[in-house]
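# Understanding the architecture of this molecule
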Protein chains: 2
Amino acid sequence: MDLYSSYINRLIAELSVLPGIGNKTAQRLAFHMINMPKESVENIARAMVEARNNVKYCKCCYTLTDNEICPICANEARDHKTIMVIENTRDLNAYEKTGKYNGVYHVLHGAINPSMGIGPNEIRLKELISRLHDDVNEVIIATNSSIEGETTAMYISKLIKPTGVKVTRIASGVPVGGELEYIDEVTLSRALDARVEL
Amino acid sequence: MDLYSSYINRLIAELSVLPGIGNKTAQRLAFHMINMPKESVENIARAMVEARNNVKYCKCCYTLTDNEICPICANEARDHKTIMVIENTRDLNAYEKTGKYNGVYHVLHGAINPSMGIGPNEIRLKELISRLHDDVNEVIIATNSSIEGETTAMYISKLIKPTGVKVTRIASGVPVGGELEYIDEVTLSRALDARVEL
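Residues numbered from 1 in each chain as written. Chains lettered and ligands numbered in written order. Predicted model: local features only at pLDDT ≥ 70, side-chain atom pairs only at ≥ 80, totals over all residues. Heavy atoms only, no water.

### So, the pattern of salt bridges
- In the structure shown here, the tally under the stated rule is twelve salt bridges over all chains.
- Its salt-bridge partner being lysine 59 of chain B, residue glutamate 68 of chain B comes within 2.9 Å of it at the nearest N-O pair.
- Look at lysine 59 of chain B and you get exposed, because its relative accessible area is 58%.
- The shortest N-O distance in the salt bridge between glutamate 150 of chain B and arginine 169 of chain B comes to 3.4 Å. With glutamate 150 of chain B in helix 7 (residues 147-160) and arginine 169 of chain B in strand 6 (residues 166-169), this pair connects stretches of sequence that are 19 residues apart.
- Judged by its relative accessible area of 22%, glutamate 150 of chain B falls in the partly exposed class.
- Bridged by salt links that share partners, the residues Glu150, Arg169 and Arg190 of chain A form one connected network. (Salt bridge = Lys/Arg side-chain N within 4 Å of Asp/Glu carboxyl O. Buried < 20%, exposed > 50% of the residue type's maximum accessible area, 1.4 Å probe, protein only. Helix = DSSP H or I, 4+ residues; strand = E, 2+ residues; numbered from the N terminus.)

Have a look at this one:
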C-alpha cells in the first residue's frame, strides 16, 4: 500500500476500524472522499465528533438523546406505568414507528451473552430494577427473539416476578406478510404453539 | 427518526452520502461511533479531513500522492519509455503488487462512458497525449475489461497510432486458477480467440 499517499493509507486504516468495513470498502470510501468537495468531507468529520461528544444517555430510560431526559420520558401524556424493555435505541425507534405504544421504555444496551462475557451487570439491568416502584403496572420484555434476547427475557422475568409487578413478553410467530415456505422451523413451531382460537 | 438525538440524525444523514452506505448501515455506524472512545472518533475525522486537504495528483502520471511527483515517476531506475494507462490509482497498486512491471503509469481517473456523460475530455487523456514525446517506446493500455474500459482502449489506440508509438492492450482470457464452468461466455470466447500454439 505504500505507493498510495501516506494520508490515504492512514485514512484507509482508520476507516477499517469500523464494523462491517473491510479493507476494500475502506479503500473505496477513501478514494471517494478524496474526490468529494472539501466542505462535504468536513461536514461528515464534524458530525462524527459532535455526535460522539454531545449525545447523552437519558437519565431515566437510558436511550440516546441530546438532553438529560429524553422526549418520551419527559412527555406527561405517555403512560409511565408501563415500561417496555428493549435492547437498543434502534428498537425504540422501530416501536415508535408503529404508533401503537404509549408507555415508556427502558434501553438495556445489549443482551446477556455469557460466551461474549456480557453478564447481567454489563447491561442496564440494575437501572431497570430501580425504576420498579409502586406505580409500575407492567413490564413488557421486547428483547430480540435470539438466544441472547430470550435468555435476557427469562432472567429479567425471574428477577421482577417476586416484586409483584406484571411481566409480559412480546409474541413470537409468523411475521405478517411472510410466506410460510421461507420461514424457519423454530418460528413456525412457536407460531403453532402460540395458536389462538378463532 | 426524530426520537434519536439530533446529533445522531445528522451523523446518519452525513454518512448516508457515502457510496454503498445506505440508511441502515449509516445507523449501525453512527451508533457504533457513539460508543467508541472519543480519540478514536477524532482520529477518523482528522484522517478524513487531512487526506482530503493534502493528497495531490502527481504532475506527471496523475496518480494520488503526497508530493508533486509520485515515487514511481521520481524513480530513475524505472523505464520511463513504457507507459501503462490505467483507470485509477487502485489499478496501479494492483500492478505494482505483481512486481513484474518496471515502466511508469498514466492514471486516467475514469473511463469513457457516454451514457454517464463521461467523454474523452472528462478523463486525463490530453495529459497522456502530451507525454508522448520521442522517447516513449510503448503505451500499454490496461483499462478494465468492461464495455467502458474497452471503449476507452479503442479510443486511445486510434488516437496514438498515428504518432507512431507502439500501442498494446493487456490480454483478456481465463483467469489463472479459474474453473471453466464458472467463467462467463464472453471471457471464454475471448480466451478461445486469443489461443496460442504450444
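### Quick word on the relation of the copies chain B and chain A
- Between the two copies, chain B and chain A, the superposition gives an RMSD of 0.1 Å; the rotation angle is 180 degrees and the shift along the axis is 0.0 Å. In symmetry terms, the pair is related by a two-fold rotation axis. Ranked by how close their C-alpha atoms come to the rotation axis, the residues of chain B are headed by alanine 45 of chain B, at 2.2 Å.
- Both copies present the same face, since 100% of the interface residues in chain B are matched by interface residues at the equivalent positions in chain A. (Least-squares fit on C-alpha atoms with pLDDT ≥ 70 in both. Contact = heavy atoms within 4.5 Å.)

### What about the confidence of the model for chain A?
All names here are of chain A.
- On average, residues of chain A score 90 in pLDDT, and 98% of them reach the 70 mark or higher.
- Predicted confidence in chain A is weakest over helix 7 (residues 185-193), with a mean pLDDT of 81, and strongest over helix 3 (residues 38-54), with 96.
- Prediction confidence for the complex, expressed as pTM and ipTM, is 0.74 and 0.77 respectively. (pLDDT = per-residue confidence, 0-100.)

### Comments concerning a positive patch on the surface
- Taken together, Lys24 and Arg28 of chain A together with Arg90 and Lys97 of chain B make up a surface patch of like positive charges.
- Breaking the positive patch down by element, the ones donating at least two residues are helix 2 (23-34) of chain A together with helix 5 (89-98) of chain B. (Patch = residues over 30% accessible without salt bridge, like charges linked within 9 Å, V, L, I, M, F, W, Y side chains within 5 Å. Areas by Shrake-Rupley, 256 points an atom, 1.4 Å probe, with all protein chains shown as cover. Lys, Arg positive; Asp, Glu negative; His and termini not counted. Charge placed at Lys NZ, Arg CZ, Asp CG, Glu CD.)

### Some remarks on the sheet that holds strand 3 (residues 79-86) of chain A
Residue and element names in this part refer to chain A.
- If you trace the four strands from one edge of the open sheet to the other, you get 4-3-5-6, paired in parallel fashion. Each edge of the open sheet is held by one strand with a lone partner, namely strand 4 (103-107) and strand 6 (166-169). Between one strand axis and the next, the sheet turns through 25 degrees on average, direction left out of account.
- Sheet topology places strand 3 next to strand 5 (residues 138-141); four bridges connect them, and they run parallel. Residue pairing in the sheet places valine 85 in a bridge with isoleucine 141 of strand 5.
- Helix-sheet contacts for helix 4 (residues 89-98) involve strand 3 and strand 4, and the interaxial angle to strand 4 is about 160 degrees.
- Running over the sheet, helix 6 (residues 147-160) touches strand 3, strand 5 and strand 6 and is turned about 170 degrees from strand 6. (Pairing = 2+ DSSP bridges. Axes fitted to C-alpha atoms, helices over the stretch in contact; angles between N-to-C directions.)

### Topic: the packing of aromatic side chains
- Counted under the stated rule, the structure contains two aromatic pairs over all chains.
- The ring of tyrosine 57 of chain A carries the charged tip of arginine 124 of chain A above its face, separated from the ring centre by 4.9 Å. (Phe/Tyr/Trp six-rings, centres within 6.5 Å; stacked < 30°, edge-to-face > 60°. Lys NZ or Arg CZ within 6 Å of the ring centre and 35° of its normal.)

### Some details on empty space enclosed by the protein
- Evaluation of the coordinates by the stated rule reveals two cavities of 30 Å³ or more.
- Its volume calculated, the largest cavity comes out at about 70 Å³.
- Around the largest cavity, the lining is made up of 14 residues, and of these Leu15, Leu18 and Met33 of chain A together with Leu15 and Leu18 of chain B lie nearest the centre.
- Listing elements by their share of the lining of the largest cavity, those giving two or more residues are helix 2 and helix 3 of chain A together with helix 2 (23-34) and helix 3 (38-54) of chain B. (1 Å grid on protein atoms, 1.4 Å probe; cavity = no way out; pocket = protein on both sides within 12 Å on 5 of 7 lines; lining within 4 Å. Points joined across faces, edges and corners; volume = space filled by probe spheres on them.)

### Observations concerning the sheet that holds strand 4 (residues 103-107) of chain B
Residues and elements named next belong to chain B.
- Strand order across the open sheet formed by four strands is 4-3-5-6, with parallel pairing between neighbours. Two strands in the sheet have a free side with no partner beyond their single neighbour: strand 4 and strand 6. Mean inter-strand twist for the sheet, computed between neighbouring axes without regard to direction, equals 25 degrees.
- Two strands pair when backbone bridges link them, and strand 3 (residues 79-86) and strand 4 are joined in this way by five bridges, in the parallel orientation. Its bridge partner lying in strand 4, valine 85 is registered against histidine 106.
- Of the strands in this sheet, strand 3 and strand 4 are in contact with helix 5, which crosses strand 4 at around 160 degrees.
- Packed onto the sheet, helix 7 meets strand 3, strand 5 (138-141) and strand 6 and runs at close to 170 degrees relative to strand 6.

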